[in-house]
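Observations on the model geometry
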Amino acid sequence: MTTHAVRLNTVTKTYGHGTQAVHALRGVTVDLPRGGFTAVMGPSGSGKSTFLHCAAGLDTPTSGTVHLGEVELSGMNETQLTELRRQKAGFVFQAFNLIPALSVTENITLPLRLAGARPDRAWLAEVIARVGLGDRTGHRPSQLSGGQQQRVALARALVTRPEVVFADEPTGALDTRTAAEVLGLLRQVVDATGQTVVMVTHDPVAAAYADRVLFLAGGTLVDEVWSASADAIGRRLAGLGGYGRPAEAARC
Ligand code: ADP
């Protein structure tokens, strides 16, 4: 088994061509170890979402390679990527993306049913208990608070036992208290089960739940910190004020 959950090697992503070209990622190389909680931060437009999408096989790099576990993504067609994502990745987005007509349990088990698999009842019960929704399993999303809906989305991401949970601004639509609950659950997922979590966030308080924070600026990884406080992360982020000028990027 590999030590990394995700590996990016010299990944570039360019949208458009010629004078219209936007270089969203400019040669990103990084290993995300198994069992780690990594946050990805940077100014708006620095490439955070593109990074997450390339790492998760939702988007294809222009050049470079991406490994999810031992599997290399380049060269895979859309059908193969979809299958790989179903097997190896779980997703939590800012919008909860729940199906309104389905119950909590039905929403959580949807990815399994889409993959033609039966839910393992014991694991399903554990996941539901872990996110604290044991007394809400028959409810519809509209009967839940925002924080509870995001907990359903987290359970849905975990139920397939993915190698990596990718979270894109998972607390962006939540108030401070419910955001802390969801972040605590993500932290617990890593600590209790050795899961790997990769989370894009603009919030230093959210990033402080991670073991490691990567800073992107202008499509380049310019810095990283480990086990840092929200204050320290905020200061580092503010230091990117020039938004990834070459001088900033050259420091690493
Ligand atoms: P962030 O998540 O840090 O805000 P993104 O990864 O969304 O940054 O975007 C990085 C750059 O790539 C931005 O300049 C953005 O406008 C551009 N970009 C992102 N997606 C597309 C797309 N589908 N087509 C064209 N440009 C894009």
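Below, the structure is looked at part by part. (Residues numbered from 1 in each chain as written. Predicted model: local features only at pLDDT ≥ 70, side-chain atom pairs only at ≥ 80, totals over all residues. Heavy atoms only, no water.)

Glancing now at the overall build of the chain. A count of helices and strands for the chain gives nine helices and ten strands. Relative to the 2.2 N^0.38 estimate, which gives 18 Å for 252 residues, the radius of gyration of the chain is 18 Å and therefore close to what a compact globule would have. Reported as C-alpha extents along the three principal axes, the dimensions of the chain are approximately 55 × 40 × 35 Å. Sorting the 252 residues of the chain into buried and exposed places 47% on the buried side. Across the chain, the fraction of contacts at a sequence separation of at least 24, relative to all contacts at a separation of at least 6, is 69%. (Helix = DSSP H or I, 4+ residues; strand = E, 2+ residues; numbered from the N terminus. Rg over C-alpha atoms; globule rule 2.2 N^0.38 Å. Buried < 20%, exposed > 50% of the residue type's maximum accessible area, 1.4 Å probe, protein only. Contact = heavy atoms within 4.5 Å.)

Attention shifts here to the pattern of salt bridges. Opposite charge on two side chains permits pairing when their charged atoms draw close. Counted according to the given criterion, the structure contains 15 salt bridges. Put simply, R130 and E126 hold a salt bridge, and the shortest N to O gap is 2.5 Å. Linking R130 with E126, this pair stays in helix α4 (residues 121-130), spanning four residues, or about one helical turn. In this structure R130 comes out as buried when scored by relative accessible area, which is 18%. Among the ionic pairs, E224 bridges to R212, the shortest N-O distance being 2.6 Å. Linking E224 in strand β10 (residues 220-226) with R212 in strand β9 (residues 212-217), this pair joins segments that are twelve residues apart in sequence. Given the relative accessible area of 8%, R212 is considered buried. Sharing partners across several salt bridges, the network here consists of R34, E70, K88 and E163. (Salt bridge = Lys/Arg side-chain N within 4 Å of Asp/Glu carboxyl O.)

Right, let's get into the packing of helix α3 (residues 104-114) against helix α5 (residues 146-158). Where α3 contacts α5, the axes come no closer than 7 Å and their chain directions differ by 35 degrees. Crossing geometry of α3 relative to α5 is assigned as right-handed. Contact residues: V104, N107, I108 and P111 in α3; V152, A155 and R156 in α5. Per-class residue counts for the contact of α3 with α5 are five nonpolar, one polar and one charged. (Axes fitted to C-alpha atoms, helices over the stretch in contact; angles between N-to-C directions. Left-handed = near helix turned anticlockwise from the far one by under 90°. Nonpolar A, V, L, I, M, F, W, Y, C, P; charged D, E, K, R; others polar.)

Moving on to the nonpolar core. Ranked by size, the top nonpolar core spans 46 residues in total, and within it I108, M199 and F215 carry the most contacts. If you tally residues by element for this core, the top one is helix α6 (residues 176-193), at seven residues. The contact partners of M199, leaving out residues within four places of it in the chain, are F37, T38, A39, V40, A167, P170, L183, L186, A206 and A207. The next biggest cluster of nonpolar side chains, apart from the first, holds 28 residues, and it includes L25, V66, L84 and L216. (Core = buried A, V, L, I, M, F, W, Y, C linked by side-chain atoms within 4.5 Å.)

Around the ligand, a shell composed of Y15, V22, A24, P43, S44, G45, S46, G47, K48, S49 and T50 is seen. In the model, an oxygen atom of the ligand is placed 2.8 Å from a nitrogen or oxygen of the K48 side chain. Going through the elements one at a time, β2 (22-33) and α1 (48-55) are the ones with two or more residues in the shell around the ligand. No other element matches the three residues that α1 contributes to the shell around the ligand. (Near = heavy atom within 4 Å. Polar contact = N/O pair within 3.5 Å; in protein donor to acceptor, adjacent residues only side chain to side chain.)

On to helix α2 (residues 78-88), then. When α2 is considered as a whole, its buried residues turn out to be L81, L84, R85 and K88. Down the axis, α2 shows its buried residues gathered within 100 degrees of arc, on one side only. Buried residues along α2 sit against β4 (63-68), β5 (71-72), β6 (89-93) and β7 (164-168). Two or three places before T79, at the start of α2, stands the capping residue N77, its side-chain oxygen 3.1 Å from that residue's backbone nitrogen. (Arc of directions from axis to C-beta.)

Our next topic: the packing of aromatic side chains. A full pass over the atoms with the stated rule returns two aromatic pairs. Here the aromatic rings of F91 and F93 are separated by 5.8 Å at their centres, their planes lie at 0 degrees, and the arrangement is stacked. Accessibility expressed as a relative area gives 17% for F91, which makes it buried. Since its relative accessible area comes to 28%, F93 is described here as partly exposed. (Phe/Tyr/Trp six-rings, centres within 6.5 Å; stacked < 30°, edge-to-face > 60°.)

Judged by pairing direction, the sheet is mixed, and its six strands sit side by side in the order β6-β7-β8-β3-β9-β10 without closing on themselves. Edge strands, defined here as strands with exactly one partner in the open sheet, are β6 and β10. Taken over all neighbouring pairs, the strand axes of this sheet differ in orientation by 20 degrees on average, direction set aside. Bridge count between β6 and β7: five bridges; the pairing is parallel. (Pairing = 2+ DSSP bridges.)

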